[in-house]
Amino acid sequence: MQFFTHVREHRWTTAFGYVLFVALMVAGYYYNITFVQLGLIDLGTRLVGMSETAVSVWMAALALCTLVVAVATGVTMDRRGWSSTLRTKLQLLFGVVCVQFVLTLVAPEIRSVPAFGAWIGVASIGLGVGFPVSFSLAIDLVPVPDRGYVAAAITAITYFMANAIPLSWSIDVFSRVMVAAMAPGVLVLAVLSFARIDRIDAVLSSLESQHRAFGTGRFCHDEPVRARSAAFVVPVILMFGVFFIDSLGFLRIIDTPSLLLSSWQSPALSTRVFIAIAHVVGAVMAGVIYTNYSLSRVFLWTFALFALSHVLYTSDLRLAAVFPSLAQGPTSPLNPAAYAVAVSFYTTLNFVLWPDLSTADTVGTHSAIGIGVAGWLATFTSTALALYFQAAELTLLSHLNVVQALSLLLLFGLAVGLYVRRMVELARYDGGSTV
Amino acid sequence: MSPTEAIPLLIVVLLMISVGGGDVQQLSVTFQGETSVETLDDVHVVAGGTTTVPVDTAVSGDIYVIGGTARIDGAVDGDVTLLAGNLSIADGATVRGTVQTIAGDSSIAPGATVGRVSALEAPTPSNSPAQRIGAFLLQFLVLGGIGWWLVSRHPVLLENVGAAVADHALVSGVVGSLGAVTLLVLFVYMMFTLVLIPLAIAGLVAELLVVLYGQVVFGYLVGTHLPLERSSVATVAGIGVFLLALEVLGVVPYVGGIVQVVLAVVGFGAVLNTYFGLQRFEPVTIPGGGS
């Protein structure tokens, strides 16, 4: 890992870049998976008084709006050259954090549907601008060979905090914690973005010039990857599949009290710490695999792990259906731990993939399309499907069975696709002449 | 007992039934609470709580105890097998078949009538130095023989796996742990299909063989550091030293066990990464860097 070389050789500016990137991404992702994904459900149902279905529809709208704003922001960043200007990106990020700070502060006071809708609209702008801006910082701050490990560190720290720190899933609690955590962050970003201090200017200039030394993303070396090329579209589709599977399954799991209270919301600290450690282990594994193997191998492992965790869940449910008394017993933390490993795997991949598929001139657009389509559009469509399942009164087993089938299908499809691609390569190489 | 905890022992029960050639039409399980049994399915599994065959009650079928407590006060026309938990057969009770204790606590009152009593004595190597030394020597002879043959005929295999262990221990460990756990779960769930039990057993044996192959490679690596000229002799000696080190580690509580597991998964991953040594493992090259 080059980070240790930088530290050993006292290149503190470069080392500071690593720390800054990890801190910003951890803060942003922690905010997203706690406040946005969990806090909004509580806000909508408990304080505003909407049904869970209505809140889900609003969440889907948030996802769709975020996608549109993210793509518009990413394209604008690349066209205006903001993607390769560090200070501009920090200023944009400062604006986003300010908007989110205010939104976080006022969220517990919302009591009406129109106010909730307005909150969603403003939040989607903040998120849509924030994603391409923050992901594009990777090209300035993290050398290409270290991106897998840095992504693993972001995932591990975020999920460990989210699971091990016992916070109630309520908007009031999230709001208080986030406001306290964001306040110093706003100050630091303000100084970095606007203060004209020689020392800070020198650090930022040094960091900004790094992207030329770091070079283009890992997958752009032979030739730049274009947004319409298969080299970009295929990973987007695969990541869409991963996000879709995760979201569709998790929406139902957190809607099932027996599964939720024995895992992510367990009153036992040991259970939550066990899941938190599983997240860390999964992230480290993903970092190692990403750094040492081809991209297809990482995707194969991701789908295999999702298939495995859903096989575990559905097998338990099938067993409980045959022996109903089983359903009354305590649930093992093994299933959520396997699920946590799978989630950490693809989250790590998500943090590193888009910068590595980009150059300094395309990182805004590619990050926006990647996260927008794979992340937010998948969330939107999976939420819509989950609502349909809910309306159709699908049982828990049937719901998770669909998710399991999808993960197995993607695993099988990817394996076949890779095999066929190799066959085509061999056929072209040999020209079909070898007997 | 949760489903995940019950699955391994339920699989053992299914294996025992299928190996015994039993024609099972119905199987019932109790997981909790107080249950008094008046009639039995072909097989009844006690996984938790307390199940009692009351006095003056005669039931027909086999009982497997994998958790909780089974009390026999009446008559059972069948076998009773204890895999875990507690079993008590009271005075005046009757079991016409075999009472087999594999693990767990069983008590049979003097006044009880039992067709046959069978107890599986778990091997206790720690109590018998001769047995431990015998097992160690057997393992050393087998692995040493394999190591001798490999280093004499196919040294590249050991070199390639050894290089993956020495140069890429972290990658080997990650792949080894992921591969071993995933395959283990896969084989366990294959067993549930009953049809795939032979394949699952073959898979588990294969996993064990890969771990043993890894041990041979570790021995080879140790051998390269010994002051012996002939590589075959050095490999055999290295395997001996490595196995001895594993034995010593087994004595150290907690840390010793963890180190043993780490060595096993690193060896497992190195074998997989190199296709059993047929190909040298080279991680992908990520261009770029510098500052």
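Everything here concerns the structure above.
Residues numbered from 1 in each chain as written. Chains lettered and ligands numbered in written order. Predicted model: local features only at pLDDT ≥ 70, side-chain atom pairs only at ≥ 80, totals over all residues. Heavy atoms only, no water.

With respect to empty space enclosed by the protein
Residues and elements named next belong to chain A.
Here is step 1: This model, assessed by the stated rule, comprises 2 cavities of 30 Å³ or more.
Here is step 2: Taken as a whole, the largest cavity holds about 60 Å³ of empty space.
Here is step 3: If you trace the largest cavity, you find it lined by F21, A138, V142, R147, V150, A151, I154, F351, V352 and P355.
Here is step 4: For the lining of the largest cavity, the elements supplying multiple residues, two or more each, are α7 (147–164) and α14 (334–356).
Here is step 5: Residues belonging to the lining of the largest cavity are distributed by class as follows: 9 nonpolar, no polar and 1 charged.
Here is step 6: Approximately 40 Å³ is the volume attributed to the second largest cavity.
Here is step 7: Surrounding the second largest cavity, Y31, V36, Q100, L103, W119, A123 and L127 form its lining.
Here is step 8: Among the secondary structure elements, those contributing two or more residues to the lining of the second largest cavity are α2 (12–47), α4 (86–106) and α5 (113–136). (1 Å grid on protein atoms, 1.4 Å probe; cavity = no way out; pocket = protein on both sides within 12 Å on 5 of 7 lines; lining within 4 Å. Points joined across faces, edges and corners; volume = space filled by probe spheres on them. Helix = DSSP H or I, 4+ residues; strand = E, 2+ residues; numbered from the N terminus. Nonpolar A, V, L, I, M, F, W, Y, C, P; charged D, E, K, R; others polar.)

Some words on the environment of T98 of chain B
All names here are of chain B.
Here is step 1: Summarising the element assignment, T98 is placed in strand β11 (residues 94–101).
Here is step 2: Note on T98: relative accessible area 19%, which makes it buried.
Here is step 3: Along the backbone, T98 and G74 are 24 residues apart, and their C-alpha atoms lie at a distance of 15 Å.
Here is step 4: Contact partners of T98, with chain neighbours within four places excluded, come to G78, D79, V80, R116 and S118. (Buried < 20%, exposed > 50% of the residue type's maximum accessible area, 1.4 Å probe, protein only. Contact = heavy atoms within 4.5 Å.)

Observations concerning the environment of L64 of chain A
Residues and elements named next belong to chain A.
Here is step 1: Along the chain, L64 turns up in helix α3 (residues 52–80).
Here is step 2: Given the relative accessible area of 32%, L64 is considered partly exposed.
Here is step 3: Residues L64 and R147, 83 residues apart in the sequence, show an inter-C-alpha distance of 28 Å.
Here is step 4: If we skip the residues at most four places from it in the chain, L64 touches L377 and F380.

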